[in-house]
Amino acid sequence: MTELIEARAFEELEALSRPAPSPPPADMVWIPGGVFQMGSDHHYPEERPARRVSVDGFWIDRAPITNREFRRFVEATGYVTFAEIAPDPDQYPGALPQMINPGSLVFSPPHHRLVDLKDWSQWWRFKFGASWRHPYGKDSPFRMLDDHPVVHVAWRDVVAYATWSGKELPTEAEWEFASRGGLDGAEFAWGNEFTPHRRHMANTWQGAFPTENTRADGYARTSPVTAFPPNGYGLYDMIGNVWEWTADWYSARPESANSSTCCPSTNPRGGREQDSYDACQPEIKIPRKVLKGGSHLCAPNYCRRYRPAARHPQPIDTSASHIGFRCILRVR
């Protein structure tokens, strides 16, 4: 056992000592790679078991992609996002004709206090005209949110942006390693205390979700991507503000959890696409990707997913007002 611990320590020190390739890409941070504890045994079932994982070094965007950055992409390419295109009725049999219009899911807090937390339809509304240009609906302003993370981006949108920029989407393991900021095994990206010295370290929900938000952190919805302190790697918003897409297909039991307990799984990937369908809705064959990081809607009484180990499935055809992304560059 002592030899195993010494070997792991050596691997981690060796990874940290690797120099970053040069020149550094603009607004990206070099993550040296290494061995870390992925997942958690103390929260949601889909995070279990905690296991040792190894990832190679990579560059990652310092912050989530902002509206300003996404607008440059759209202006350069003429790209139209998924939320701006009317759904194909053939792909959604049984849908009401009046619902076949462009739009996206927008968080809309209920006005009544008696809420069933198992029924998300009480606070999510499909709003026509909602898109990255109009995050709260067709008449909502946009320009004042240039430094906020872009939202209402579906899977095909983030892939299009990554391809245009010459980058890729991170795997779940790469994303979690980066989010920990070097604090292996810590509860949060900044340590084991949620609000150290009563300081809010991320944009999350304060109060009883979904009806009461005290805004103790200063924000009711998204915030500028550098509004909260960076983690140990200098990365902003790895926790809170918006969920972030990863490249991996979702499975209730992560693939890296199936590896040997004595040896770290190296650069693990998610499960198979066909296994990512929602088992609770077998008639719907829409694959799902892994989201990481939680959002401004994560609250202690509802969604304690403002942690590096947390994960959530997201259908590739669905965008929402609390989902964004960032990209990486792998060294070939």
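Structure first, text after, so check above.
This structure is a prediction, so every number in the text was calculated from the model and none was measured.

(A) Structural view of a nonpolar patch on the surface. On the surface, a cluster of nonpolar side chains totalling about 340 Å² of accessible area is made up of Leu 96, Met 99, Phe 126 and Phe 128. Turning to its location among the elements, Phe 126 is positioned in strand 6 (residues 124-128).

(B) The layout of surface pockets, seen in detail. Counted as a void, the second largest pocket has a volume near 360 Å³. In terms of lining residues, the second largest pocket is bounded by 19 residues, among which Asp 27, Ile 65, Thr 66, Glu 69 and Arg 72 are the most central. Of all the elements in the fold, those that place two or more residues in the lining of the second largest pocket are helix 2 (67-77) and helix 3 (155-164). Per element, the largest residue contribution to the lining of the second largest pocket is three residues, and it comes from helix 2. A per-class count over the lining of the second largest pocket returns eight nonpolar, three polar and eight charged.

(C) Representation of the sheet that holds strand 4 (residues 58-61). Ordered by their spatial adjacency, three strands build an open sheet running 1-4-12, and the pairing between neighbours is antiparallel. Both outer strands of the open sheet, strand 1 (28-31) and strand 12 (328-330), are each paired with one neighbouring strand and no more. The average angle at which neighbouring strand axes cross in this sheet is 25 degrees, direction not considered. Where strand 1 and strand 4 come together, four bridges link them in antiparallel fashion. Among the inter-strand pairings, Met 28 is bridged to a residue of strand 4, identified as Asp 61. Across the sheet, helix 4 (residues 172-180) lies against strand 1, strand 4 and strand 12, angled at about 75 degrees from strand 4, the strand it touches most.

(D) Examining the pairing of strand 2 (residues 34-38) more closely. Counting buried positions along strand 2 yields four of five residues, so the element is predominantly enclosed. Bridging between strand 2 and strand 3 (residues 51-55) involves five bridges; their strand directions are antiparallel. Paired with Gly 34 across the strands is Val 55, a residue of strand 3.

(E) Focus on the pattern of salt bridges. All chains considered together, the criterion is met by 19 salt bridges. In this structure, the salt-bridge partner of Arg 311 is Glu 172, at a minimum N-O distance of 2.6 Å. Residue Arg 311 is found in strand 10 (residues 311-315), and its partner Glu 172 is found in helix 4; the two are separated by 139 residues along the sequence. What makes Arg 311 buried here is its relative accessible area of 2%. Notably, a salt bridge pairs Asp 275 with Arg 272, separated by 2.8 Å at the nearest N-O pair. Several salt bridges share partner residues, and in doing so they unite Arg 68, Arg 71, Glu 75, Asp 146 and Asp 147 into one network.

(F) Local environment of the sheet that holds strand 10. Strand order in the open sheet formed by four strands is 10-9-7-11, with mixed pairing between adjacent strands. Edge positions in the open sheet fall to strand 10 and strand 11 (323-324), since each of these has one partner strand only. As paired strands, strand 9 (residues 288-292) and strand 10 are joined by five bridges and run antiparallel to one another. Paired with Arg 288 across the two strands is Pro 315, which belongs to strand 10.

How each quantity is defined
Residues numbered from 1 in each chain as written. Predicted model: local features only at pLDDT ≥ 70, side-chain atom pairs only at ≥ 80, totals over all residues. Heavy atoms only, no water. Patch = residues over 30% accessible without salt bridge, like charges linked within 9 Å, V, L, I, M, F, W, Y side chains within 5 Å. Areas by Shrake-Rupley, 256 points an atom, 1.4 Å probe, with all protein chains shown as cover. Salt bridge = Lys/Arg side-chain N within 4 Å of Asp/Glu carboxyl O. Helix = DSSP H or I, 4+ residues; strand = E, 2+ residues; numbered from the N terminus. 1 Å grid on protein atoms, 1.4 Å probe; cavity = no way out; pocket = protein on both sides within 12 Å on 5 of 7 lines; lining within 4 Å. Points joined across faces, edges and corners; volume = space filled by probe spheres on them. Nonpolar A, V, L, I, M, F, W, Y, C, P; charged D, E, K, R; others polar. Pairing = 2+ DSSP bridges. Axes fitted to C-alpha atoms, helices over the stretch in contact; angles between N-to-C directions. Contact = heavy atoms within 4.5 Å. Buried < 20%, exposed > 50% of the residue type's maximum accessible area, 1.4 Å probe, protein only.

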